[in-house]
Amino acid sequence: MDISRRTFLAGSFVAGAGVIGGLAGCAPTAQTSAGAASSDDDEPQKIEHRPASTESFDVVVVGSGTAGTCAALRAAEKGLSVVCLEKNSSLGGTSVFAEGLCGIGSSYQTEQGIDVDKSAVLADTMNYHHYACLGPVVHAFIDNCGATIDWLQGQGVAWSSVVALGESYPVWHLPADENGAPTHMQAVLEILQQKAEAADVEFRTSAAMTDLAVSDGTVTGVYTGSGNDETLIEANAVILASGGYANNAELFETFTGRPYDSVHVWGMTGRDGDGISTATGTANADTHIPSAVMYHTGRIDGTDAFSDVPNFVLTMQPTMRVNAAAERYFNEAATSDFSSTGNVLTTNAANYVVFDDAYIEHIEQNGPFCPMPNLGAFVGQPFACREGIESCEGVQKADTVEELAERLGLDAETLASTVERYNGFCESGIDADYGKPAAQLLSVSTAPFYGAKITPTLFTTVGGLRVNEHLQVIDMQGAPIAGLYAAGGDAGGLYGANYDVDVCSGSQQGWAATSGRLAAEHIAQASA
């Protein structure tokens with residue numbers, strides 16, 4: 001979908017606009033910035049700011065996820081005064097749920113005997129995105145993400161392993177807990193937050209940015225609060241790391257053209273597009289493929305997390321799938337690639353998984369096809385899943401395929417025919433319809449039979465503000481906006497239309513950490 005800046009401003013929420021009503025009659029010193037578009041002429045209205053107080057830091061970081069925390073810590077290490085604003089009541093954002101991050105050429109990889117060719121990764125990444133990503137940005141990430149892993153290790157972060165998902169290069173660094181077992185990024189962020197606080201970074205929670213301060217095209221700070229409580233925080237540089245727009249229904253529908261209620265969003269609330277909408281509305285910022293979304297493999301009704309057993313065993317594995325017509329419609333081996341699976345789920349009216357009792361036994365005895373280390377699930381190792389599947393309210397169970405079809409609201413005769421044809425492929429070892437690998441062809445022939453509807457899901461958005469290799473935000477004329485940087489989910493350019501999990505597993509978290517670090521280093525260099 002082609003979204004021009006004018007269309008975006010006319011149809012989307014702009015963070016600064018929300019404080020218009022509370023500003024009249026406050027402190028006497030007034031400043032203005034562009035806000036929501038006028039319905040009369042589509043020109044941005046001017047929002048009048050009358051801050052009751054003013055503060056000053058070298059750097060303001062907006063957001064405390066992986067990107068924001070890395071940016072804040074690195075800037076402080078470089079001798080800059082830093083305040084990090086977090087709109088939620090606790091630090092970390094959705095990054096706390098992430099499992100690991102991409103690094104290429106790290107010391108840990110070298111220790112493990114892993115040598116990844118950066119030139120090959122660059123070529124494969126560009127090809128994966130059909131050259132819709134920004135070459136200098138991709139280069140900056142690939143050249144520096146290994147050093148980011150080393151920097152994190154130097155802060156006290158330990159790794160349990162470096163692995164690959166699907167066809168990816170082995171670049172996914174999984175953090176370790178005190179026992180050496182895989183853990184989530186929350187453990188990493190807690191280490192970094194402590195380091196940052198020791199370096200005098202000031203973290204503020206329940207502190208949303210309401211607008212950017214701009215003077216003669218240069219970003220000079222941010223506004224927080226409203227009315228009599230509005231504060232101007234002046235800064236030499238602002239780093240936007242607010243996590244994209246996954247929780248903003250209006251932005252999602254504007255950018256992607258899809259109904260927001262047709263997908264389920266995993267993760268923390270608060271990713272409302274504050275960085276993207278404020279920068280475009282106030283600072284004349286451009287965007288790069290803002291429709292890019294990190295889809296996942298789907299949700300079974302009755303589950304609360306992407307890592308719940310039914311979601312892992314039924315949507316992340318190459319189980320047989322049918323559409324609303326009760327027919328197979330793709331090679332289920334694609335489930336190892338989140339982006340491919342997301343495309344499948346979102347371009348079909350309905351999606352269903354169909355399996356039998358033998359499949360449950362297969363997973364319990366032989367393990368999954370696709371691993372999830374933080375769940376204790378590894379390829380080739382038995383994984384207990386029956387109780388999780390049997391107890392899930394979204395999973396239907398029946399004695400025959402025809403009865404299962406009725407429970408799922410599908411045509412019984414068609415589903416029975418589809419299953420019969422699929423079982424023939426399983427027997428011959430050749431999927432004549434879609435080419436699914438023989439090792440993944442498990443027949444659906446042992447009663448009882450199971451099925452469930454799959455709802456499309458997404459982790460986060462990965463399209464955002466156009467940046468250059470220094471993470472400077474680019475304006476509509478193609479020039480860097482002085483004083484404005486973006487990192488993580490607010491920064492677009494690393495991807496085309498999709499997340500590239502099948503090339504660089506963990507690239508979004510790796511991008512968050514690396515972009516935050518590089519933005520801080522460029523600011524420090526410019527300030528020297």
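See the structure above.
A quick note: this is a predicted structure, and the numbers were derived from the prediction, not measured.

Trainee: Would you explain the overall build of the protein in this entry?
Mentor: Along its length, the protein carries 15 helices and 24 strands. Compactness check: the protein gives a C-alpha radius of gyration of 24 Å against a globular reference of 24 Å for 528 residues, within 12% of the reference. With 528 residues in all, the protein has 57% of them scored as buried. Of the roughly 19,600 Å² that the protein leaves accessible, carbon and sulfur atoms contribute 46%. For the protein, the distance from the average site of its 23 positive side-chain charges to the average site of its 64 negative ones is 2 Å.

Trainee: How should I be thinking about the environment of Gly488 in this particular structure?
Mentor: Here Gly488 shows up in the loop between strand 23 (480–486) and strand 24 (491–492). Between the C-alpha atom of Gly488 and that of Ser215, which follows or precedes it by 273 residues, the distance is 26 Å. Once residues within four sequence positions are removed from consideration, Gly488 is found in contact with Ala67, Gln508, Trp511, Ala512 and Ser515.

Trainee: When you look at the sheet that holds strand 12 (residues 264–265) in this model, what are you seeing that I'm missing?
Mentor: Strand pairing in a sheet relies on backbone hydrogen bonds, with the paired strands running either antiparallel or parallel. Read from one edge of the open sheet, 3 strands run 12-20-14, paired in mixed fashion. The open sheet has two free edges, formed respectively by strand 12 and strand 14 (293–295), since each of these has just one partner strand. Here 2 bridges tie strand 12 to strand 20 (residues 457–461), and the two strands are oriented parallel to one another. Note that in strand 20 the partner of His264 across the bridge is Thr457.

Trainee: Teacher, can you tell me more about the sheet that holds strand 7 (residues 172–175) here?
Mentor: Spatially, 3 strands are ordered 5-7-6 in an open sheet, and the strand pairing comes out antiparallel. Among the strands making up the open sheet, the edge pair consists of strand 5 (101–102) and strand 6 (159–163). Bridge count between strand 5 and strand 7: 2 bridges; the pairing is antiparallel. When the bridges of strand 7 are listed, Leu101 appears paired with His173.

Trainee: For this particular structure, what's the right way to read helix 8 (residues 274–282)?
Mentor: The periodicity of an α-helix, 3.6 residues per turn, causes residues three or four places apart in sequence to face the same way. By the criterion of burial, helix 8 is predominantly enclosed, with 9 of the 9 residues buried. Every buried residue of helix 8 is listed here: Asp274, Gly275, Ile276, Ser277, Thr278, Ala279, Thr280, Gly281 and Thr282.

Trainee: I would appreciate a short explanation of the side chain of Thr231 in the present structure.
Mentor: As for its placement among the helices and strands, Thr231 is situated in strand 11 (residues 231–240). Within the local environment of Thr231, its side chain forms a polar contact with the side chain of Ser53, the two groups lying 2.9 Å apart. Discounting residues that sit within four places of it in the chain, Thr231 has contacts with Pro51, Ser53, Glu55, Val222, Tyr223 and Thr224.

Trainee: Teacher, can you tell me more about the packing of helix 5 (residues 135–154) against helix 15 (residues 507–527) here?
Mentor: To characterise two packed helices, one gives the angle between the axes of the helices and the distance between these axes. Contact pair helix 5 / helix 15: the axes reach a minimum separation of 8 Å and the direction vectors enclose 85°. Our classification of the angle between helix 5 and helix 15 gives roughly perpendicular. Residues Val137, Ala140, Phe141, Asn144, Cys145, Ala147, Thr148 and Trp151 of helix 5 pack against Ser507, Gly510, Trp511, Ala513, Thr514, Arg517 and Leu518 of helix 15. In terms of residue class, the contact of helix 5 with helix 15 is built from 9 nonpolar, 5 polar and 1 charged.

The rules we used
Residues numbered from 1 in each chain as written. Predicted model: local features only at pLDDT ≥ 70, side-chain atom pairs only at ≥ 80, totals over all residues. Heavy atoms only, no water. Helix = DSSP H or I, 4+ residues; strand = E, 2+ residues; numbered from the N terminus. Rg over C-alpha atoms; globule rule 2.2 N^0.38 Å. Buried < 20%, exposed > 50% of the residue type's maximum accessible area, 1.4 Å probe, protein only. Areas by Shrake-Rupley, 256 points an atom, 1.4 Å probe, with all protein chains shown as cover. Lys, Arg positive; Asp, Glu negative; His and termini not counted. Charge placed at Lys NZ, Arg CZ, Asp CG, Glu CD. Contact = heavy atoms within 4.5 Å. Pairing = 2+ DSSP bridges. Polar contact = N/O pair within 3.5 Å; in protein donor to acceptor, adjacent residues only side chain to side chain. Axes fitted to C-alpha atoms, helices over the stretch in contact; angles between N-to-C directions. Parallel < 35°, antiparallel > 145°, perpendicular 65-115°, else oblique. Nonpolar A, V, L, I, M, F, W, Y, C, P; charged D, E, K, R; others polar.

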